[in-house]
Amino acid sequence: MNHRHNSFIDLTYASIDALVCLSVYRSRHQMKSNEEPEAIAPPPDALPPPPPEIPPNVVPVQLTTDTVPEETKKISKPKRSPITRRGVGSRGQKIQLVTNHFKVSISNTSGHFFHYSVSLYYEDGRPVDAKGIGRRLIDKVHETYGSDLAGKDFAYDGEKSLFTIGALPRNKMEFTVLLDSFSSNRNSGNGSPVGNGSPNETDKKRIRRALQSKTFKVEMSFAAKIPMQAIAAALRGQESENSQEALRVLDIILRQHAAKQGCLLVRQSFFHNNPKNYVDLGGGVLGCRGFHSSFRALQGGLSLNMDGSTTTIIQPGPLIDFLIANQNVSNPFQIDWAKAKRTMKNLRIKVSPTNQEYRITGISENSCKEQLFSLKSRAAGGNDVESFDITVYDYFVNHRSIDLCYSGDLPCINVGKPKRPTYIPVELCSLLSLQRYTKALTVLQRSQLVEKSRQKPQEKIRILADVMKSNNYAAEPMLSSCGITISSQFTQVQGRVLPAPKLKAGNGEDVIPRNGRWNFNHKKFFEPSKIENWAVVNFSARCDVCGLVRDLIRLGEMKGILISDPMDVLEENAQFRRAPPLVRVDKMFEQIQTAFPDAPPRFLVCLLPDRKNSDIYGPWKRKNLAEYGIFNQCLAPTRVNDQYILNVLLKINAKLGGLNSLLAMEQSRNIPFVSKVPTIIFGMDVSHGSPGQSDIPSIAAVVSSRNWPLLSRYRASVRSQSPKVEMVDSLFKQTADKKDDSGIVRELLLDFYKSSGQTKPAQIIIFRDGVSESQFNQVLNIELDQIIEACKFLDESWSPKFTVIVAQKNHHTKFFQDGSPDNVPPGTVIDNAVCHPQSYDFYMCAHAGMIGTTRPTHYHVLLDEIGFSADDLQELIHSLSYVYQRCTTAISLVAPVRYAHLAATQISQFLKFDDMSETSSSHGGLTSAGQAPVPELPELHHNVRSSMFFC
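Here the structure is a predicted model, which means the values were calculated and not measured.

**Q** How should I be thinking about helix 18 (residues 744-755) in this particular structure?
**A** Each full turn of the α-helix corresponds to 3.6 residues, which orients residues three or four apart in the same direction. For helix 18, with 12 residues, the first-to-last C-alpha span of 17 Å sits near the 16 Å given by 1.5 Å per residue. Burial in helix 18 covers these residues: Ile744, Val745, Leu748, Leu749, Asp751, Phe752 and Ser755. Along the axis of helix 18, the buried positions cluster into a sector of 160°, meaning they face one direction only. Those residues of helix 18 hidden inside the fold are in contact with strand 31 (679-687), strand 32 (698-705), strand 33 (714-721), strand 34 (763-769) and helix 19 (776-794). The first or second residue beyond helix 18 is Gly757, which carries a positive phi of 70°.

Here it is in C-alpha cells:
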C-alpha cells in the first residue's frame, strides 16, 4: 500500500468506527433538538468512548484495512478541486481591447425560477415519440390555458424541462391539447400513398383527413426551486448547482426566443432559414452560418457571449437533386439506393401537391412501377368496401392524375412504418430546409467549410452588432420578468502584449521574431542532422524527382544538413496503381527489400499522388514506423519551390533528431522554476472519430519533453481506447501479475531519466487539451491520480510537484483592437474582466492571426504545486508557443499539446485500413455497444519510438 495515503486511510477507519457506535446510539436514543453532542478526541489506536447509554448487547466492531471494502478504499482518496486565482500578471505593454461579451444587468434577484418536469402523451396514454412537437404543444397549452396558469410565461427547453418565474397554481397540472395540421412519422398507412384514401374520394377530402386534429395530454410536475440570487453568488465566485441551473434557464430563454423565429437550434447555437447564410460545400451539403449565445458569470459581472457559429445542413429542395449531388452521379438511374436509404433515414420531406410533411422511414423494395399496395374502394351504389392491388405508379398517374417523369423505374420513398408502409414517388418529394447533416465531411468539404466561414475582425464586429440589434431581446417577456437588460455595446477589456522570446539558430546566432514570425535567411539550423542511406519512393506522383532531390540536397546544405545522394529512386509498378492501398504499400516494400537486401534504409522520402487525404498514407506510416523503424517524410509535390523545400526540411530535421531553433532562455538556463530544477512537460490529447463514426476507437496521445533542460525536444506515447472516451485510461496500467506497469507515463518517465543524465524530474507540468469545465475534476482526480501512481510504482519515495493546465480552443470568446481592422498582436494576454470570478484562468493569443479573426487559447490552471507567479507562468506558456519545430511562426497553443494532437492523428491512420484482430485489447476497453474490445495499436519500432516522428 502506498505510504502517501496511509494516514488518510487510518483517519477514515477511525471515522467509520465512530459512525458505527454513533448510528446505533442515535437509532435508539434520539437527541433533543437543542442538545449538541460533545466532541471527544479518542486516543490514537483506541475506539471512541461509547455514549453513556449504549445498550449492553451492542459490541462496537474495530474495522481493519482487510475488512474495508475496495470501493471504500477508492472513495477515501483525497479529492482535488481547481485552485483559485493567486493574482494577475503585470508584464507586457498594455493594450485596450473589446470583446464579444455584452453586459447584462438583472434587477429581480429576489425571485425564484420554478422548474417543472414535462411529460407528453398521445390520447391513448402512449408517450409522444415524434420529434419537434414539444414546443408546439407547450405553446398551445400557454395559449389555451393562460388563466389557469396565472398568466405565467414559460421557458421550455423543447424536451423535458420547463421553467417559470414564480410558482404555477399547483405542483402537478394536466392539460388536454388539440393540435391542428399535425403530421409526423406516426402514420396509419396501410400501404396506400399519402394515407389510406381511395380513388373514389376527392383530393380535398383526402387532404382534410391528412390534416385532421390530434389530441395530446401534457403533464407538468414540480421538480425544483432555483433562487435568482444564485446568479449574484456566482458573480462573487460562489458557484453552485443552483447558479449553474439559473444560468441554464437564461440560456433556455434565448433558445426559446430563437425557436419562435423558426431557427434551427444546435445546443447553444441558432441558425435562421435564410439562403444568404448558406454556402455550398458540394455533395448536397451546405454550410449554414448562425450564432452562438450563452450567459456567463465573469469578473466584470454577468455577460452574454455572442459569437458566429457554423453547422452543416442538407441542401433543401427536390430530394432527387440532393441524392445526385450527394453521390456525385449524373442522373437518378446511377444512384446507389442502399447508400441512399442510409443517408435519407429520418429526413423530413414535403410532398406535392398536398404539401404535407413527413419523415422518411425507408424505401420500397421494388420500383414505383412494380411496387404493389392494397387499395380500398367502395363499390358503386353500395356500402361494401373492396380491396384490390395496384402499383404506386398506376395509382398516382391514373387515379391521381399526376404526371411522373422519371420515378417509374426508381424505388419509392416510404414515410409510413416498416410493416405498414406509405409509398411516395421520389420526384414528388422535396427536402425541408434547416435539416442538419450529421455524417462525416470529406476533406474537401471540411476545408471549404473552414475557408467560407472565416470573417475578418471588422466584419465579425459588424455582424455581431447587427444581430444584437435584430434579436430584440428587450421584447422577450421572460427576460423582462427577470428584470434583465442586455447591452448592445461590446465590453471593453485591458490586455497586455508580452514580448516575443529570443531564439537561437546555428552557430549561436540570435533569431528575433517579429509579429510572431521569423526566418532562417542566411542562418543554419541550431542542431542539423545528417541524411545518409536514404531513398526516394514515388507512388505515381507526377513531378521532377531528380530536380526535387537536387533542391533538397542544395537547400539542406544551406541549413547545415549534410545530405548524401539517394541510394535509389523507386517508382511504383504501373500495374498496381489501382490496387487497394495495403497492396500498393506491400508491393513497394518488396521493391525496397530488393534494393536494400542487407538492412532497410534509415530514411525514405515518399511522393504521394494526392494532395489531401491519400489512402496510402496510413498503411505507409504503419509499415515504416511499426514494422521497419524507418524515418520517412511524405510529400505531395504539386507546387515545389524553395520555400516548400525549406518547410519540408524543418520537419525532416526534427524527425531525425535535430533541432531547428530553441529558446535563448533554454540555452542559458534562465527559465524560472524550470531550468534549475529537473522538469518534464507533458502534452495530452485524445483524438476521436469524426461525427457519424461512433465505432472508431479513440486515440490517446501523451508527449513529453526530453534532454532536460531543453524544452524543444519531445517524444510521444500513443494508445487506443474506447470510442468517444475523453479521459486517458492508459496512463498507469499494471500487468496481470501486478509486477509491472505497461502504461504511458512509465514509458515517458524512463525516457526522460535516460535522456537527461540519469535524472528524475522533480517537477511535472501537464498541459491537457480537449476537456470542458465539467471534466476538470476528472482530470485532477482520475488522470492525475494515475500519473501519481505511475511515479510511486517506479519509486515509492518519489513525490514530484505538479502543475496542471487545461488548454481550450473550443470556446466563443474573441478579442478585437478597438478601432483597428487588424487582429490583436501576437503575445496578447487577458486575465481580467472576462475571466472567471474566482478560478485561475486567462486568455492568450500567442500567434499572429493572418486569416479571419484570431481565436485565443483559454488556459485554466487547475493545480500549481510548483508555485509559479502569474507573470512567470504566462511567459512560460507564451515561450512554449515558439518551440514548435514544424514552422517558423508562433502557434496558437503550447507546442506539447499540438504535438500530442499530431501524434494521435497520425497513429489513428494506422487503424483506417486495418484488418486487425478484434479478439483482444491491450487495455481491455469496451465500446459503447458493450462487449466489443478496442483494437490494439501496433507498437512503434525501437528505432523511431523516441523520435519526433509526428513532426
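Additional details are given in the paragraphs that follow.
**Q** What should I look at first to understand the environment of Gln874 in this one?
**A** Counting through the fold element by element, Gln874 comes out in helix 20 (residues 870-879). Linking Gln874 and Asp831, residues 43 residues apart in sequence, is a C-alpha distance of 9.9 Å. Setting aside its immediate chain neighbours within four residues, Gln874 contacts Gly89, Arg496, Leu498, Val829, Asp831, Phe842 and Met844.

**Q** Looking at this model, I keep getting lost on helix 10 (residues 443-453). Mind explaining?
**A** All of the buried residues in helix 10 are Val443, Gln445 and Leu449. Buried residues in helix 10 make contact with strand 9 (278-282), strand 10 (285-298) and strand 11 (301-314).

**Q** Help me understand the environment of Ala895 in this model?
**A** Tracing the backbone through its elements, the reader meets Ala895 in helix 21 (residues 895-908). Along the primary structure Ala895 and Gln885 are separated by 10 residues, whereas in three dimensions their C-alpha atoms are 8.6 Å apart.

**Q** Please clarify how the packing of helix 18 against helix 19 should be interpreted in this entry.
**A** Angle between the axes and distance between the axes are the two parameters that describe a pair of packed helices. Running from N to C, helix 18 and helix 19 cross one another at 55°; their axes reach a closest spacing of 9 Å. The angle between the axes of helix 18 and helix 19 places the two elements in the oblique class. For the pair helix 18 and helix 19, the sense of crossing is right-handed. Where helix 18 abuts helix 19, its residues Val745, Arg746, Leu749 and Leu750 lie against Ile787, Ala790, Cys791, Phe793 and Leu794. Counted by class, the contact of helix 18 with helix 19 contains 8 nonpolar, no polar and 1 charged residues.

**Q** So what exactly am I meant to see when it comes to the pairing of strand 29 (residues 631-635) here?
**A** Put simply, side chains in a regular strand alternate between the two faces of the sheet. The buried count for strand 29 comes to 5 of 5 residues, which makes it a mostly enclosed element. A two-sided burial pattern is seen for strand 29, the buried positions comprising Phe631, Gln633 and Leu635 on one face and Asn632 and Cys634 on the other. Alignment of strand 28 (residues 603-607) against strand 29, held across 5 bridges, turns out to be parallel. Looking across to strand 29, one finds that Leu607 is bridged to Leu635.

**Q** Could you clarify how one ought to interpret unusual backbone geometry in this entry?
**A** Cis geometry is found at the peptide bond from Ser352 to Pro353, where omega equals 5°. Of note, Pro353 is situated in the loop between strand 13 (348-351) and strand 14 (356-359). Of the consecutive residues Trp708 and Pro709, the connecting peptide bond is found in the cis state with omega at 15°. Positive phi, close to 55°, is recorded for Arg267, a residue that is not glycine. Here Arg267 is to be found in the loop between strand 7 (264-266) and strand 8 (269-271).

**Q** How should the confidence of the model for the protein be read in this particular structure?
**A** Confidence in the prediction of the protein, expressed as mean pLDDT, is 85, and 85% of residues score 70 or more. Between residues 61-75, whose pLDDT stays under 50, and residues either more than four places distant or in other chains, the model counts 12 contacts. Here residues 182-191 is a poorly scored stretch, pLDDT under 50, and it has 33 contacts once near neighbours within four places are set aside; other chains count.

Thresholds applied
Numbering of residues begins from 1 in every chain and follows the order in which that chain's sequence is written. Reporting in this predicted model follows two pLDDT cut-offs: at least 70 for local features of residues, and 80 or more for side-chain atom pairs to be given and counted; totals over whole chains, interfaces and linings ignore these cut-offs and use all residues. Computation of side-chain values: all heavy atoms of the structure, hydrogens and water removed. Counting from the N terminus, the helices are DSSP H or I runs at least four residues long and the strands are E runs at least two residues long. To estimate how far a helix should reach, multiply one less than its number of residues by 1.5 Å. Exposure is judged per residue with a 1.4 Å probe applied to protein chains only, and the accessible area is read against the type maximum: over 50% gives exposed, under 20% gives buried, and values in between give partly exposed. What the arc measures is the spread of directions leading from the helix axis to the C-beta atoms. A contact between two residues is defined here by any heavy atoms of the two lying within 4.5 Å. Axes, fitted as lines to C-alpha atoms, cover a helix only where it is in contact. Angles between the N-to-C directions of the axes lie from 0 to 180 degrees. Every angle not falling under 35 degrees, over 145, or within 65 to 115 is termed oblique; those three ranges are roughly parallel, roughly antiparallel and roughly perpendicular. A clockwise turn of the near helix away from the far one marks a right-handed crossing, whereas an anticlockwise turn of less than a right angle marks a left-handed crossing. For this scheme, ten residues count as nonpolar: Ala, Val, Leu, Ile, Met, Phe, Trp, Tyr, Cys and Pro. Four count as charged, namely Asp, Glu, Lys and Arg, and the remainder, Gly too, count as polar. Whether two strands pair depends on DSSP finding at least two bridges between them. A residue's pLDDT is the predictor's confidence in that residue, given on a scale from 0 to 100.

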